[in-house]
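This is what each chain is made of:
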Amino acid sequence: MHVSILGSAAGGGFPQWNCACSNCRSLRNGSFSGKARSQLQVAISPDGQSWFLLNASPDIRCQIEACPSLHPRNGTRHTPISGILLTSADLDQVLGLLQLREFQPLTIRATASIRRILREDNSVFATLNRIPDQADWIDIVPGQPFQLSSGNAPLICHSFSLATHYPSYVSQERAARLVSAEASLGFMIDDQGRRLAYFPAVPDLDSQLLSTLGEADVILFDGTFWTDDELSSVRGGGPLAREIGHIPVSGPEGSLRKLAGLTNARRIYVHVNNTNPMLNESGPEYRQVRDAGWEVAEDGWQFTL
Ligand SMILES: [Zn+2]
């Protein structure tokens with residue numbers, strides 16, 4: 001399986017347009033010891049020819065242009081992108097769909113609840129279905145594996161229900177009519193026994209999830225926040241990391257400690273918020289993460305597993 005990390009930041013990217021935290025400020029003035037990052041976008045392929053996008057970030061147009069594998073190959077209209085898998089209805093995971101219109105046939109897989117939020121509540125997404133055979137929406141049922149590609153050796157995707165909260169733009173009344181187990185997913189993608197875990201938004205790490213992650217060869221994991229109170233300490237207000245569906249990296253209950261036993265897998269933090277101090281490669285947080293055997297994803301990384 002080919003894996004391409006086209007973007008690695010959380011919503012807003014790094015730097016974020018309206019943010020003057022110490023990370024964003026020093027990145028802008030050239031004194032930051034670390035890299036700028038676009039919003040999280042991962043693409044996978046069983047053969048290097050046919051690609052599947054894991055979510056669709058608001059930065060997708062530039063991310064596709066930066067990745068020759070995703071450029072058109074045949075004729076005047078073509079894409080090697082065969083499908084898109086959505087883990088949630090978060091804006092930084094779905095807004096890119098609107099940039100993939102242009103009458104391009106696409107297969108979009110999402111839970112029925114996420115599909116309903118996008119297609120029934122937000123008419124702008126109708127742009128993906130202006131003509132027959134444009135977007136083909138296929139429901140993901142959490143827990144039921146499905147195949148990606150029609151080749152001889154398809155990828156098998158297993159989905160896991162994680163958070164039960166819908167994005168804040170979904171009203172509580174609407175959310176009550178949706179299935180809570182369909183709000184947010186993690187994926188384990190299996191290529192003939194080699195497994196990629198994609199878990200960009202994890203509110204809690206229970207023993208079941210720990211054992212699932214223990215089966216992965218590469219783990220792309222929620223690195224959004226360093227501490228639970230990161231947003232409030234930087235902005236002077238804001239929700240806790242756990243309240244918006246992200247277990248922090250640090251601390252006794254953080255992912256670094258809880259996943260310390262998974263030393264057989266390559267472990268990479270993704271979806272890193274611009275406020276996270278581990279972006280600073282000369283700081284103690286970055287050193288702590290690297291010393292624990294973890295990597296902090298950067299835009300443009302590619303690997304095969
Ligand atoms: Zn910032």
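Refer to the structure presented above.
All figures in this text were calculated on a predicted structure; none of them were measured in a lab.

Enquirer: What exactly am I supposed to notice about the overall build of the protein chain here?
Expert: Regarding its fold elements, the protein chain presents nine helices and 14 strands. Principal-axis analysis of the C-alpha atoms places the extent of the protein chain at approximately 55 × 40 × 40 Å. Burial statistics for the protein chain: of 305 residues in total, 52% are counted as buried. A separation of at least 24 residues holds for 67% of the contacts in the protein chain among residues at least 6 apart in sequence. Accessible area of the protein chain: about 13400 Å², with a carbon and sulfur share of 47%.

Enquirer: Hey, could you run me through the pairing of strand S9 (residues 185-191) in this one?
Expert: Consecutive residues of a regular strand have side chains that alternate between opposite faces of the sheet. The element S9 is extensively covered by neighbouring structure, given that seven of its seven residues are classed as buried. Here S9 shows two buried faces, one formed by Leu185, Phe187, Ile189 and Asp191 and the other by Gly186, Met188 and Asp190. In terms of strand pairing, strand S8 (residues 155-161) meets S9 through six bridges, oriented antiparallel. Note on S9: the bridge partner recorded for phenylalanine 160 is glycine 186. By the bridge criterion, five bridges tie S9 to strand S10 (residues 194-199) in an arrangement that is antiparallel.

Enquirer: I tried to follow the coordination of the zinc ion on my own but got confused; where do I start?
Expert: Ideal geometry at a metal centre gives angles of 109.5 degrees when four donors are arranged tetrahedrally and 90 or 180 degrees when six donors are arranged octahedrally. The coordination sphere of the zinc ion, as far as protein atoms go, consists of Cys19 (SG), Cys21 (SG), Cys24 (SG) and Asn274 (OD1), spread over 2.2 to 2.3 Å. Of note is the zinc ion, whose four donor atoms meet at the metal with angles of 100 to 119° in an arrangement that counts as tetrahedral. Coordination of the zinc ion draws on donor residues from a single chain, spaced C-x1-C-x2-C-x249-N in sequence. Assessed through its relative accessible area of 8%, cysteine 21 is described here as buried.

Enquirer: Just to check I follow, could you spell out the pairing of strand S3 (residues 51-54) for this structure?
Expert: Neither face of S3 is open: one carries Trp51 and Leu53, the other Phe52 and Leu54, and all of them are buried. Direction of pairing for strand S2 (residues 41-45) relative to S3: antiparallel, over a ladder of three bridges. Across the sheet, residue alanine 43 finds its bridge partner in S3, namely leucine 53. Of the pairings in the sheet, the one linking S3 to strand S4 (residues 81-85) comprises four bridges and is parallel in character. Each bridged residue has a counterpart across the sheet, and for leucine 53 the counterpart in S4 is isoleucine 84. In this view, the connection linking S3 to its parallel neighbour S4 by way of helix H2 (residues 60-65) has right-handed handedness.

Enquirer: For this particular structure, what's the right way to read the nonpolar core?
Expert: Generally speaking, soluble globular proteins have nonpolar side chains that are buried together. Judged by nonpolar contacts, the single largest core of 32 residues is most densely connected at Leu213, Phe221 and Val289. Only helix H1 (22-28), S10, helix H6 (207-213), strand S11 (218-222), helix H9 (284-291) and strand S13 (294-296) provide two or more residues apiece to this core. Among all residues touching leucine 213, those that are not within four sequence positions of it are Met188, Ala197, Phe199, Leu205, Ile219, Phe221, Leu259 and Leu262. Formed by 31 residues, the second largest nonpolar core is a distinct cluster that contains Ile84, Ala89, Leu100 and Val170.

Enquirer: Help me understand the sheet that holds S10 in this model?
Expert: Strands pair in a sheet through their backbones, by hydrogen bonds, and they do so in one of two ways: parallel or antiparallel. In spatial order, the strands read S7-S8-S9-S10-S11-S12-S13; together these seven strands make up an open sheet with mixed pairing. Of all the strands in the sheet, the pair left with one neighbour each is strand S7 (146-148) and S13. When strand polarity is set aside, the average angle formed by the axes of neighbouring strands in this sheet is 25°. Alignment of S7 against S8, held across three bridges, turns out to be antiparallel.

What counts and what doesn't
Residues numbered from 1 in each chain as written. Predicted model: local features only at pLDDT ≥ 70, side-chain atom pairs only at ≥ 80, totals over all residues. Heavy atoms only, no water. Helix = DSSP H or I, 4+ residues; strand = E, 2+ residues; numbered from the N terminus. Buried < 20%, exposed > 50% of the residue type's maximum accessible area, 1.4 Å probe, protein only. Contact = heavy atoms within 4.5 Å. Areas by Shrake-Rupley, 256 points an atom, 1.4 Å probe, with all protein chains shown as cover. Pairing = 2+ DSSP bridges. Donors = N, O, S within 2.8 Å, 3.2 Å for Na, K, Ca; no water. Tetrahedral: all angles 85-135°; square planar, octahedral: opposite > 155°, others 65-115°. Right-handed = clockwise from strand over helix to strand, strands pointing away. Core = buried A, V, L, I, M, F, W, Y, C linked by side-chain atoms within 4.5 Å. Axes fitted to C-alpha atoms, helices over the stretch in contact; angles between N-to-C directions.

The values reported here are purely geometric and, on their own, carry no functional implication.
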